[in-house]
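As a plain string of letters, each chain reads:
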Amino acid sequence: MNKIINFIAFSLLLLSCSNTPEVVKPVIEPPVSKFAKGADISWITEMEAAGRKFYDKSGKETECFALMKALGMNSIRLRVWVNPSPAYNNTADVVVKALRAKSLGFRIMIDFHYSDNWADPGKQTKPAAWNSLDLAGLKSAIGTHTSEVLAELKKNGVTPEWVQVGNETNDGMLWPTGRASTNMSNFAQMINAGYDAVKSVFPTAKVIVHISNGYDNQLFRWMFDGLKANGAKYDVIGMSLYPTYAPDFATGGWAKVNQQCLTNMNDMVTRYNKEVMIVEVGMPWDSAADCKLFISDIITKTKSISNEKGLGVLYWEPQAYNWVGYTLGAFDNSGKPTVAMDAFLP
């Protein structure tokens, strides 16, 4: 009798369970990372025109933007020149590249050089068309050029997240008028002309003031103390970090340089209440293992900045191989990414 009762009870239990709706666990999507991992690949259209091709690690030919995405990057930086010859990095070329980046979901940074060619710590040459302009004329030209390029991007449906007003402006830009060591006020006014133009087209874009040598706290304090004293407007302090060029690399290697950069980043956040971003990094392509360690470490250090004020790390032209003598890329001579690029993977 007990066996019959137990059987009935067991059957009822099974029936009850079969009528209970299945509990489906919710699918929790991973959070979208706020941290920018990316590259400046502004050479891409010129390299493609010259016949350069790009390959994944297995040797399969892959379109460069898609390859950057597969390598863990979420951001693309593009430089802008005023009237370059040939026309690479002019407005039309930038729009083409920005649309390619947008189509793959990249976040976009636009980097205004305010020159017809390279602007960097050693040269900040006025565009030829601006040569005769005084300070007022240069400010107007900055505003017009900046707003026109950004308006063209907007017309094509591209919304940059960050905009650099000047490139590696360690001693200002548009020399001699905007040379910071000669006239910091002029440089600050130029920054403000660019800032206002950016905000007029893209109010939410973050404006970056960018100088090199991210390990050099003395340089950064001099520059940003001067800009603060002269009322400069900007949102983010951008840095370049090429450890092999640092004075202490010979004795302390990239690890010491990265520690100096972390100290500097923390000081910038505390001293000026600004966000910071490493907008350029690079090491020799044939030191790939060391480069991977260097990038992984600087990413970790930048992420450690309090209140998420370390925004990201971008490699400068990693896809450059056998190209105009540049040796600080992260691809080997067969056009494949080195192990250095693994540092950007999730």
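Below, the structure is looked at part by part.

Reading the values: the criteria
- Residues numbered from 1 in each chain as written.
- Predicted model: local features only at pLDDT ≥ 70, side-chain atom pairs only at ≥ 80, totals over all residues.
- Heavy atoms only, no water.
- Buried < 20%, exposed > 50% of the residue type's maximum accessible area, 1.4 Å probe, protein only.
- Helix = DSSP H or I, 4+ residues; strand = E, 2+ residues; numbered from the N terminus.
- Right-handed = clockwise from strand over helix to strand, strands pointing away.
- Pairing = 2+ DSSP bridges.
- Expected span 1.5 Å × (residues − 1).
- Contact = heavy atoms within 4.5 Å.
- Polar contact = N/O pair within 3.5 Å; in protein donor to acceptor, adjacent residues only side chain to side chain.

### Description of the pairing of strand E3 (residues 107-112)
Summarising burial for E3: six of the six residues are buried, a large majority. Neither face of E3 is open: one carries Arg107, Met109 and Asp111, the other Ile108, Ile110 and Phe112, and all of them are buried. Between strand E2 (residues 75-80) and its parallel partner E3, the chain crosses via helix H4 (residues 91-103), and the hand of that crossover is right-handed. Examined bridge by bridge, E3 and strand E4 (residues 162-165) share four bridges and lie parallel to one another. If you follow Met109 over to E4, its bridge partner there is Trp162. Where the polypeptide runs from E3 across helix H5 (residues 135-155) and back to E4, its parallel neighbour, the crossover connection is right-handed.

### Notes on the environment of Leu293
Along the polypeptide, Leu293 turns up in helix H9 (residues 288-303). Between the C-alpha atom of Leu293 and that of Phe106, which follows or precedes it by 187 residues, the distance is 25 Å.

### Concerning unusual backbone geometry
Most peptide bonds take the trans form, and the phi angle of most residues other than glycine is negative. At the junction of Ser85 and Pro86, the peptide bond is cis and its omega measures out at 0° in the coordinates. Looking at the element boundaries, Pro86 is found in the loop between E2 and H4. Residue Pro176 follows Trp175 across a cis peptide bond; omega there is 0°. The phi dihedral of Asn213 is positive, around 60°, even though this residue is not glycine. As for its placement among the helices and strands, Asn213 is situated in the loop between strand E5 (206-211) and helix H7 (217-229). Although it is not a glycine, Asn322 adopts a positive phi angle of roughly 50°. Position of Asn322 relative to the elements: it lies in the segment after strand E8 (310-316).

### Some points on H4
An α-helix turns once per 3.6 residues; consequently, residues spaced three or four apart project the same way. The first and last C-alpha atoms of H4 sit 18 Å apart over 13 residues, in line with the 18 Å expected at 1.5 Å per residue. Looking only at H4, the buried set comprises Asp93, Val94, Val95, Lys97, Ala98, Arg100 and Ala101. The elements touched by buried residues of H4 are helix H2 (44-49), helix H3 (64-70), E2, E3 and H5. Capping of H4 at its N-terminal end is provided by Asn90; its side-chain oxygen lies 3.3 Å from the backbone amide nitrogen of Ala92. Positive phi shows up at Gly105, right after H4, with a value of about 80°.

### What about the environment of Asn333?
Within the fold, Asn333 resides in the segment after E8. For the pair formed by Asn333 and Pro176, sequence separation is 157 residues and the distance between their alpha carbons is 40 Å.

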